[in-house]
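Survey of secondary and tertiary structure
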Amino acid sequence: QVQLVESGGGLVQAGGSLRLSCAASGSIFMIRAMGWYRQAPGKQREYVAHITSGGSTAYADSIKGRFTISRDNAKNTMYLQMNSLKPEDTAVYYCAADRLNRPRPNDYWGQGTQVTVSS
């Protein structure tokens with residue numbers, strides 16, 4: 001099994017930045033793609049970005065150019081650098097990992113970290 005723990009969420013003003021981290025443990029040799037999702041109050045969970053084991057990345061249109069996903073395999077950690085934050089970015093952010101390099105990683109999930117952007 002794989003365990004994922006997110007950190008780095010918090011309260012920030014519009015225009016500010018945050019960096020989320022997702023630390024993986026357990027059977028990490030199983031992990032290929034990793035990704036970020038978010039869920040705003042009253043809305044469905046939505047895809048944010050993902051990164052393959054080879055380092056290829058992709059982003060949702062709503063955050064493209066503002067967010068950057070990366071991973072440090074030596075530290076078993078994935079990151080999401082979020083810049084130019086907007087109030088509509090307010091959500092619980094979840095990390096996910098997958099045993100395959102597929103564009104919507106979803107085998108394993110973290111518990112989520114709250115990001116609140118004030119106007």
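Computed from a predicted structure; not experimentally measured.

1. Quick notes on the nonpolar core
Ranked by internal contacts, the top residues of the largest apolar core, which has 31 residues, are Leu4, Trp36, Leu80, Met82 and Tyr93. Counting only elements with at least two residues in this core, the list comes to β1 (2-7), β3 (18-26), β4 (34-39), β5 (46-51), β7 (67-72), β8 (77-82), β9 (91-97) and β11 (113-118). When residues in this core are grouped by element, the largest group, five residues, is from β9. Those residues in contact with Tyr93 that lie beyond four places of it in its chain are Glu6, Leu20, Trp36, Tyr37, Arg38, Val48, Phe67, Leu80, Met82, Gly112, Thr113 and Val115.

2. Some points on the packing of aromatic side chains
In the structure shown here, the tally under the stated rule is two aromatic pairs. Ring centres 6.0 Å apart and planes at 75 degrees place the aromatic pair Tyr37 and Tyr47 in the edge-to-face group. Of this pair, Tyr37 sits in strand β4 while Tyr47 is found in strand β5, placing the two residues 10 residues apart along the sequence. For the pair Tyr37 and Tyr47, one class covers both residues: buried. Look at Tyr37 and Trp109: their rings are 4.8 Å apart centre to centre, the planes differ by 50 degrees, and that puts the pair in the tilted class. Taken together, the residues span a long stretch of sequence, with Tyr37 in strand β4 and Trp109 in strand β10 (residues 108-109) at a distance of 72 residues. Given a relative accessible area of 32%, Trp109 falls into the partly exposed group. Members of the aromatic cluster, each reached through a chain of ring pairs, are Tyr37, Tyr47 and Trp109. Stacked on the ring of Tyr94, the Lys or Arg Arg45 has its end atom at 3.9 Å from the ring centre. The positively charged end of Arg104 is found above the aromatic ring belonging to Tyr47, 3.6 Å away from the centroid.

3. Digging into the sheet that holds β7
Spatial ordering of the open sheet is given by β1-β3-β8-β7, a layout of four strands whose pairing is antiparallel. In this open sheet, the two edge strands, each paired with only one partner strand, are β1 and β7. The average angle at which neighbouring strand axes cross in this sheet is 15 degrees, direction not considered. Alignment of β1 against β3, held across six bridges, turns out to be antiparallel. Within β3, the position partnered with Ser7 by the bridge is Ser21.

4. Some details on the pattern of salt bridges
Applying the stated criterion across every chain, the model contains seven salt bridges. The salt bridge partner of Asp89 is Arg38, with a shortest N-O separation of 2.9 Å. Placement of the pair is Asp89 in the loop between β8 and β9 and Arg38 in strand β4, with a sequence separation of 51 residues. Residue Arg102 is joined to Asp98 by a salt bridge in which the shortest nitrogen-to-oxygen separation is 2.8 Å. Looking at Arg102, the relative accessible area reads 32%, which means it is partly exposed. Judged by relative accessible area, which is 0%, Asp98 ranks as buried. Three or more residues joined by partner-sharing salt bridges are found here, namely Arg38, Glu46, Arg66 and Asp89.

Quick notes on the rules
- Residues numbered from 1 in each chain as written.
- Predicted model: local features only at pLDDT ≥ 70, side-chain atom pairs only at ≥ 80, totals over all residues.
- Heavy atoms only, no water.
- Core = buried A, V, L, I, M, F, W, Y, C linked by side-chain atoms within 4.5 Å.
- Buried < 20%, exposed > 50% of the residue type's maximum accessible area, 1.4 Å probe, protein only.
- Helix = DSSP H or I, 4+ residues; strand = E, 2+ residues; numbered from the N terminus.
- Contact = heavy atoms within 4.5 Å.
- Phe/Tyr/Trp six-rings, centres within 6.5 Å; stacked < 30°, edge-to-face > 60°.
- Lys NZ or Arg CZ within 6 Å of the ring centre and 35° of its normal.
- Pairing = 2+ DSSP bridges.
- Axes fitted to C-alpha atoms, helices over the stretch in contact; angles between N-to-C directions.
- Salt bridge = Lys/Arg side-chain N within 4 Å of Asp/Glu carboxyl O.

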